[in-house]
Amino acid sequence: MIAKEKLRIDKYLWAIRLFKTRSQAGDACDNGKVKLQGNNVKASKAVNVGEEYEVKTEARKWVIKVAGLLDHRLAYSEAVNYYIDLTPAEELERLKFDTESFHTGKRLSKIGRPSKKQRRNMEGFLDI
């Protein structure tokens, strides 16, 4: 992959798929959710290989190290090769705990509402 000499941080975060849109990545930079060595980063900052960024998305907090420059979106399986995830284990454990304890109210697949065959069996059993 041929990358440009200068690559903006908002474009890089969008390309490695931490944000769904480039404008969301830019807004995160403007709101102080992207940090380099503890300092807020502007969306126009140039990315260099080897830099470590702290990124807060809606889902989780990331600590990433730039492994390669990517200026366009690729499939997730290919995009993960352009950064190294250095997120602390405590953050990953907290994320796992949150997902296990969070219940959306949606019923699980194959559980809850009966299928047509199951409903017919119940009607035959209950004589409805």
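Here the structure is shown first, and the text comes after it.
Owing to the predicted nature of the structure, the values given are computational and were not obtained by experimental measurement.

A tally of regular secondary structure across the protein chain gives five helices and five strands. Burial analysis of the protein chain (128 residues in total) assigns 30% to the buried set. Sequence separation of at least 24 residues holds for 45% of the intrachain contacts in the protein chain that already meet a minimum separation of 6. In the structure as shown, the protein chain presents an accessible area of about 9,300 Å², 51% of it carried by carbon and sulfur atoms.

For the rest of this paragraph, the subject is helix α2 (residues 22-30). Those residues of α2 not exposed but buried are Ala 25, Gly 26, Ala 28 and Cys 29. Taken around the axis of α2, the buried residues stretch over an arc of 160°, which confines them to a single face. Note on α2: the residue one or two positions beyond its end, Gly 32, has a positive phi of about 80°.

What follows covers the packing of aromatic side chains. For the structure on display, the rule yields one aromatic pair. Aromatic pair Trp 62 and Tyr 83: ring centres 6.3 Å apart, planes at 80°, arrangement edge-to-face. Note that Trp 62 is positioned in strand β4 (residues 61-66) and Tyr 83 in strand β5 (residues 83-85), a separation of 21 residues in sequence. Accessibility classification places Trp 62 together with Tyr 83 in one group, the buried group.

Our next topic: the nonpolar core. Ranked by internal contacts, the top residues of the largest apolar core, which has 27 residues, are Ile 9, Tyr 12, Leu 13, Ile 16, Val 34, Tyr 53 and Ile 64. For this core, the secondary structure elements donating two or more residues are α1 (9-15), α2, β1 (34-36), β3 (52-56) and β4. Here this core takes four residues from α1, the largest share from any one element. Those residues in contact with Tyr 53, other than ones at most four positions away along the chain, are Ile 9, Val 34, Lys 35, Leu 36, Val 41, Lys 45, Ala 46, Val 47, Trp 62, Val 63, Ile 64 and Val 66.

Attention now moves to the sheet that holds β3. The antiparallel open sheet is built from five strands, whose spatial order is β2-β1-β3-β4-β5. Among the strands making up the open sheet, the edge pair consists of β2 (39-40) and β5. Note that β3 and β4 share five bridges and pair antiparallel. Across the sheet, residue Glu 54 finds its bridge partner in β4, namely Val 63.

This part is about unusual backbone geometry. Phi is positive for Arg 17, close to 70°, though the residue is something other than glycine. Within the element layout of this structure, Arg 17 appears in the loop between α1 and α2. Under the relative-accessibility criterion, Arg 17 is labelled partly exposed at 33%. Notably, Gln 37 is not glycine yet its phi reads approximately 55°, a positive angle. On the accessibility criterion, Gln 37 (75% relative accessible area) is exposed.

What counts and what doesn't
- Residues numbered from 1 in each chain as written.
- Predicted model: local features only at pLDDT ≥ 70, side-chain atom pairs only at ≥ 80, totals over all residues.
- Heavy atoms only, no water.
- Helix = DSSP H or I, 4+ residues; strand = E, 2+ residues; numbered from the N terminus.
- Buried < 20%, exposed > 50% of the residue type's maximum accessible area, 1.4 Å probe, protein only.
- Contact = heavy atoms within 4.5 Å.
- Areas by Shrake-Rupley, 256 points an atom, 1.4 Å probe, with all protein chains shown as cover.
- Arc of directions from axis to C-beta.
- Phe/Tyr/Trp six-rings, centres within 6.5 Å; stacked < 30°, edge-to-face > 60°.
- Core = buried A, V, L, I, M, F, W, Y, C linked by side-chain atoms within 4.5 Å.
- Pairing = 2+ DSSP bridges.

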